[in-house]
Amino acid sequence: MQTKFGIIGLGVMGKSLARNMASKGIQLSLYNRFEKGVEEQVAQRFIADFPELSSAKGFEDLADFVQSLERPRKMLLMVKAGAVIDSILEKILPNLSEGDIIIDGGNSHYHDTEKRIKYLAEKNIHFIGCGVSGGEEGALKGPSIMPGGSKEAYQFIAPYLEKIAAKDKYDTPCCTFIGTGGSGHFVKMVHNGIEYAEMQLLAELYFILRHGKNKTPNEIADIFSSWQGTHLDGYLLEITVHILRKKENGDWLIDKILDQAGNKGTGSWTTIAAAELGVPITMITAALFARYISAFKKERVQADQLFQLNHFNKNIDLNIEQLKNAYYLARITNHHQGIHLISTAAETYKWDLHFPEIARIWTNGCIIRSVLMEELMTILQKTDRLIIHPYFIDFIKKHREDLSTTVGQSVAAGLDIPCFSAAINFINGYTNALSSANIIQAQRDYFGAHTYKRNDDPLLKSVHTDWSS
Ligand code: 6PG
């Protein structure tokens, strides 16, 4: 008997998704490559380990795997993004039939996804670029799923993906057809960008509280935990509370973790995409570059000794209420910037995206799920420029000073809080009719005759000045 759905690649995510699917009664074919002495009988051994997989079939021969699937075949690729995907596609192609569907569930670059969609469409094979968020636990218990590509193909895979997805508060699956082309992977990429800044804001709050207000990790956990159940709540806040309470042999584990952040690339892709599309996602970029600065540990240690700035010897005059408001305001700004990027990409690439629906599938299962995201489901029905929504205008007007004071006091004390700083600079710049760009235009015209426009010319003609006279 043929099976309903195939999974290629049994790493952590592939395995968790397989168990999730099998536990929903989906009959699976599972494939993992054979590498002598390294990866042998991976699928068979995995099936033997979990009772829910008893009806699954394991393979290490790609042709046999393909033949075991009911047509049109539905196969989920859970392998490393990049060249590995193309190499599997080349190997699997001769075995496929018209109308078969391949879903790439990894963090692939959206341009690569676009190319693969076109390439496979010429062979009448559907390719779906599908963001999957939630890490190992999400994959097992219910991730947020962002499929994009052919809508026709989506109809065939929807029942499977929707079965395994997390459910929102109305019990609707956190899985929706995002749009055509590489939009699914683009939206997942920006999800990760927003994730970078959300993580960095919590790291900066920790830094202020720990080193600017001399709080212990447990006291900081108490403060963060008092924000749970309020408008500030979210998955990242919740895990940070757990992280801060974790002890090892009586010591805080956090104190033993090297302060050097890694990354797998989606933050830099988001930054590059935003630079190309002309969208100021300053907070995501600040969060990315904060990770890069952290990576220069050896140089930082040397410079610390050279400068002797005594960063941590002050008690910053900030109260928790100010920090709380600064945090919420910065998060609104981060989400504003991320949504702005998605909406510009949608216009540029002609993707018909539905922002309230994107927010909805981000309310559960994914890493950036939060109470704010639930508020965005409604707010995005009115505008995709969040900070000009009356609800946020009101909050920003009331609490902008809490953000600027947080940044001012912390920076003056010698703490680096690039993400909060980016937030207040963005708010100040975006809400000011006047910018300093007249100087930039004059400079460009001066040295390069790039021309400029005049604010006393209603036709906005491009003009040049002879600056030598
Ligand atoms: C998710 C995560 C997931 C992964 C990121 C982390 O949504 O489940 O974003 O995709 O954890 O790749 O990215 P970095 O390694 O770049 O921090």
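Note that the structure is predicted; figures quoted are calculated from it, not measured.

1. Things to note about the sheet that holds strand β2 (residues 28–31)
In step 1: One open sheet holds the seven strands; their spatial order is β3-β2-β1-β4-β5-β6-β7, and the pairing between them is mixed. Each edge of the open sheet is held by one strand with a lone partner, namely β3 (57–59) and β7 (144–149). Here the strands of the sheet are splayed against their neighbours by 25° on average, with no regard to which way each runs.
In step 2: Pairing between strand β4 (residues 74–77) and strand β5 (residues 101–104): four bridges, direction parallel. In the strand pairing of β5, L76 is matched with I103.
In step 3: Those strands touched by helix α1 (residues 12–23) are β1 (5–8), β2, β4 and β6 (126–133), and its axis lies near 165° from that of β1.
In step 4: In this fold helix α8 (residues 183–212) packs onto β5, β6 and β7, with an angle of close to 15° to the strand it touches most, β6.

2. Here's the deal with unusual backbone geometry
In step 1: Put simply, R71 and P72 share a cis peptide bond, and its omega is -10°.
In step 2: Summarising the element assignment, P72 is placed in the loop between α3 (62–67) and β4.
In step 3: In this model, N124 sits at a positive phi of 60°, which is unusual for a non-glycine residue.
In step 4: Residue position: N124 is located in the loop between α5 (110–121) and β6.
In step 5: Positive phi outside glycine occurs at T451, with the angle close to 65°.
In step 6: Secondary-structure assignment places T451 in the loop between α19 (437–448) and β10 (452–453).

3. So, the pairing of β1
Here is the key point about a regular strand: its side chains alternate between the two faces of the sheet.
In step 1: Burial of the side chains of β1 extends over both faces: F5 and I7 are buried on one face and G6 and I8 on the other.
In step 2: Where β1 and β2 come together, four bridges link them in parallel fashion. The residue of β2 that forms the bridge with I7 is L30.
In step 3: This β-α-β element, β1 to α1 to β2, shows right-handed connectivity.
In step 4: The sheet contact formed by β1 and β4 spans three bridges and is parallel. Counted as the bridge partner of G6 is M75 from β4.

4. Considering the site of the ligand
In step 1: Around the ligand there are 14 residues in total, and S133, K188, E195, Y196 and K264 lie nearest to it.
In step 2: In the model, an oxygen atom of the ligand is placed 2.9 Å from a nitrogen or oxygen of the N107 side chain.
In step 3: Here E195 contributes a side-chain N or O atom positioned 2.7 Å from an oxygen atom of the ligand.
In step 4: Taken by itself the ligand offers 410 Å² of open surface, and the protein chains cover 81% of this.
In step 5: Here the element with the most residues in the shell around the ligand is α8; it accounts for five residues.
In step 6: For the shell around the ligand, the residue count by class is two nonpolar, eight polar and four charged.

Cut-offs and rules
Residues numbered from 1 in each chain as written. Predicted model: local features only at pLDDT ≥ 70, side-chain atom pairs only at ≥ 80, totals over all residues. Heavy atoms only, no water. Pairing = 2+ DSSP bridges. Helix = DSSP H or I, 4+ residues; strand = E, 2+ residues; numbered from the N terminus. Axes fitted to C-alpha atoms, helices over the stretch in contact; angles between N-to-C directions. Contact = heavy atoms within 4.5 Å. Buried < 20%, exposed > 50% of the residue type's maximum accessible area, 1.4 Å probe, protein only. Right-handed = clockwise from strand over helix to strand, strands pointing away. Near = heavy atom within 4 Å. Polar contact = N/O pair within 3.5 Å; in protein donor to acceptor, adjacent residues only side chain to side chain. Areas by Shrake-Rupley, 256 points an atom, 1.4 Å probe, with all protein chains shown as cover. Nonpolar A, V, L, I, M, F, W, Y, C, P; charged D, E, K, R; others polar.

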